[in-house]
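# Structural overview for review
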Amino acid sequence: MPNVRLDRVTKAFKETVAVDDVSLTVKEGEFFSLLGPSGCGKTTTLRMIGGFEEPTSGAIYLGDQEVSGIPAYKRDVNTVFQSYALFPHLNVFENVAFGLRRKKTSKDETNKRVEDILSLVSLEGYGTRRTNQLSGGQQQRVALARALVNSPQVLLLDEPLGALDLKLRKHMQVELKAIQTEIGITFIYVTHDQEEAMTMSDRLAVMNAGKFDQVGTPRDVYESPKTAFVAGFLGASNLLAGEVESAQDAVAKVRLAAGGTVSLPTDRLPQGRGAVSVGVRPEKLHVRGTADGVAEDQSNSLEAEVTVSTYTGVATSYSCTAADGTTVTAYVQNSGSSDGPIAPGTKVLLTWAPEHTFAVEAANDTGGRNG
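The rules we used
- Residue numbering note: each chain is counted from 1, following its sequence as written.
- Reporting of local features is limited, given that this is a predicted model, to residues whose pLDDT is at least 70; pairs of side-chain atoms are given and counted only at 80 or more, and all residues count toward the totals for whole chains, interfaces and linings.
- To obtain the side-chain values, all non-hydrogen atoms of the structure were used and water was disregarded.
- Between any two strands, pairing holds if DSSP finds at least two bridges.
- Helix and strand labels come from DSSP, where a helix needs a run of H or I of at least four residues and a strand needs a run of E of at least two; each type is numbered from the N terminus.
- For every element, the axis is a line fit to its C-alpha atoms; helices are fit only across the contacting stretch, and the angle between N-to-C directions ranges from 0 to 180 degrees.
- Paired rings are identified among Phe, Tyr and Trp, the last through its six-membered ring, by centres lying within 6.5 Å, and are further divided according to the angle between planes into stacked (under 30 degrees), edge-to-face (over 60) and tilted (the rest).
- The cut-offs for exposure are 20% and 50% of the maximum accessible area for each residue type, with area from a 1.4 Å probe on protein chains only; residues under the lower value are buried, those over the upper are exposed, and the others partly exposed.
- Any Lys NZ or Arg CZ that is within 6 Å of a ring centre and within 35 degrees of that ring's normal is treated as a charge sitting over the ring.
- For classification, angles of less than 35 degrees are called roughly parallel, those exceeding 145 degrees roughly antiparallel, those between 65 and 115 degrees roughly perpendicular, and all remaining angles oblique.
- By convention, the crossing between two helices is left-handed when the near helix turns anticlockwise from the far helix through less than a right angle, and right-handed when the turn is clockwise.
- Throughout, a residue-residue contact means that at least one pair of heavy atoms, one from each residue, lies within 4.5 Å.
- The nonpolar class holds Ala, Val, Leu, Ile, Met, Phe, Trp, Tyr, Cys and Pro. Asp, Glu, Lys and Arg form the charged class, and all remaining residues, Gly among them, are polar.
- In these notes, a set of buried Ala, Val, Leu, Ile, Met, Phe, Trp, Tyr and Cys residues joined through side-chain atoms within 4.5 Å is what counts as a nonpolar core.

### What to know about the sheet that holds strand E16 (residues 300-311)
Read across the open sheet, the five strands follow the order E15-E19-E16-E17-E18; overall the sheet is antiparallel. Pairing within the sheet leaves two strands with one partner each, and these edge strands are strand E15 (286-289) and strand E18 (327-333). Between one strand and the next, the sheet's axes are offset by a mean angle of 45°, whatever the strand orientation. For E16 and strand E19 (residues 347-352), the ladder comprises six bridges, and the chain directions are antiparallel.

As structure tokens, this is what we get:
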């Protein structure tokens, strides 16, 4: 069932359009992320769902109820902010119990629900502590417990891990997903961190200039990006200029400006034909000597020259230059081979499987699709 639905929602601040005619459906119990760079409109979208901003046009639904015009405190949603917004004069228990006390929940019920939610977020025994006695990760858990204790229909999270150090942030990503799975509440999560969105989300929407460029599962969006922006924002990607030669049956052929013809699934071509940018992720590439030739599996191939070799621990990153001057990056796993890195100036053959190939509209592809 749809838990949150946006129907052609636009939000303008005077002359600036922050969110531009977007439509979206978030399913009940889903962990859904709004992903994009600063200024793309993701936080404004979240604030409209929460009731902190009203759309200029369009409609927002929670379940089957249209909630535009209904104030935030009357919507069955809660929000966790990056700043946590805890009450410094109250201890942990009272911070979490605050919403229940406002609803005049009985003392016994309040005690039970607060203790249960503190246990869920691994803060048993912390009820009497002041919030300024807690670490950043513990404060984040208190904010989460306070938002969840009222069992909202939807929990909105606006970059709640942004203030944490890298190690703690990665730990909290796993914990947040586990908590969401256990309680089954719909989470809508705003982040600019691609890895964070990929780690936690059931589905995500990549926002760009106020629109949704693509909506789908992390795997679908990563493996089959629909625009050059998505390909570049969600992980590293190589884009090669080309021209569609044929698109018959299930296999399309594209002639590259750097030389040669490559194959890819027809359903990974953009709607238009003609000039395209062919994409392949760096970890999908194999680096071979030019004398090795193309494998018998009919892999796509591209001749290039290694310009930079960078050791990154688990892999070695090779920056290569193709015949048309395009820079192509390949990641080669450091799997224990005694061979040293390929020296700059070495001619190589980059090969990859047709099914690991996608294509997007060529040049100035800023996208703007809803989902």
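### Brief notes about the packing of aromatic side chains
Summed over all chains, the structure comprises five aromatic pairs. Judged by centre distance (5.6 Å) and plane angle (10°), the ring pair of phenylalanine 229 and phenylalanine 233 falls under stacked. Here phenylalanine 229 pairs with phenylalanine 233, and both are found in helix H8 (residues 228-233), just four residues apart, close to one helical turn. Each of the two residues, phenylalanine 229 as well as phenylalanine 233, counts as buried. Through successive ring pairs, a cluster of aromatic residues spans Phe31, Phe187 and Tyr189. Taking NZ or CZ as reference, arginine 5 lies 4.1 Å from the ring centre of tyrosine 61, over its face. The ring centre of phenylalanine 87 lies 5.2 Å from the NZ or CZ of arginine 146, which sits over that ring.

### Focus on the packing of helix H2 (residues 92-102) against helix H4 (residues 136-148)
A pair of packed helices is characterised by two quantities: the angle between their axes and the separation of those axes. It is at 7 Å that the axes of H2 and H4 come closest, and there the two elements cross at 30°. Taken together, the axes of H2 and H4 are roughly parallel relative to one another. Handedness of the crossing formed by H2 with H4: right-handed. Note on element contacts: H4 touches H2 through Val142, Ala145 and Arg146, opposite Val92, Asn95 and Val96. Here the residues of the contact of H2 with H4 sort into four nonpolar, one polar and one charged.

### As for helix H1 (residues 42-50)
Counting buried residues in H1 gives seven out of nine residues, a clear majority hidden from the surface. By the burial criterion, the buried members of H1 are Lys42, Thr44, Thr45, Leu46, Met48, Ile49 and Gly50. Positive phi shows up at glycine 51, right after H1, with a value of about 95°.

### Details of the nonpolar core
With 35 residues, the main nonpolar core has Leu144 and Leu155 as its most contacted residues. Those elements giving two or more residues to this core turn out to be H2, helix H3 (107-120), H4, strand E7 (154-158), helix H5 (166-183) and strand E8 (186-191). Per-element accounting of this core gives the leading share, six residues, to H4.

Interpretation in functional terms is not warranted from these geometric data alone.
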